[in-house]
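# A closer look at the structure
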Amino acid sequence: LNRIKGALADAGKTGVWLAGQLGKDPVTVSKWCTNTTQPDLQTLAKISELLKINIRELLVNQNL
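Residues numbered from 1 in each chain as written. Predicted model: local features only at pLDDT ≥ 70, side-chain atom pairs only at ≥ 80, totals over all residues. Heavy atoms only, no water.

For the rest of this paragraph, the subject is the nonpolar core. Core analysis: the largest hydrophobic core is formed by 14 residues, its most contacted members being Ile4, Leu18, Ile47 and Leu58. Secondary-structure elements contributing two or more residues to this core are α1 (4-11), α2 (15-22), α3 (26-33) and α4 (41-51). The greatest single-element share of this core, amounting to 4 residues, is contributed by α4. (Core = buried A, V, L, I, M, F, W, Y, C linked by side-chain atoms within 4.5 Å. Buried < 20%, exposed > 50% of the residue type's maximum accessible area, 1.4 Å probe, protein only. Helix = DSSP H or I, 4+ residues; strand = E, 2+ residues; numbered from the N terminus.)

Note on placement: Ser48 falls in helix α4. Taking the relative accessible area as the measure of exposure, Ser48 reaches 8% and is therefore buried. Setting aside its immediate chain neighbours within four residues, Ser48 contacts Ile53, Asn54, Ile55 and Leu58. (Contact = heavy atoms within 4.5 Å.)

Nothing here speaks to function; it is all geometry.
Below is the structure:
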């Protein structure tokens, strides 16, 4: 699972903004934000660059 939605909120950005930056459909980004689907690792790395955060901050640790 990811926490893209939370990271966008922390950065004051929207899913529509992220979609524009990545050249993706806003519906695709919405699915990532709701964890319906997951972006590939390359895309996750790009999102972390755009939001200026460590890629680990986009991942949910399920081993807790």
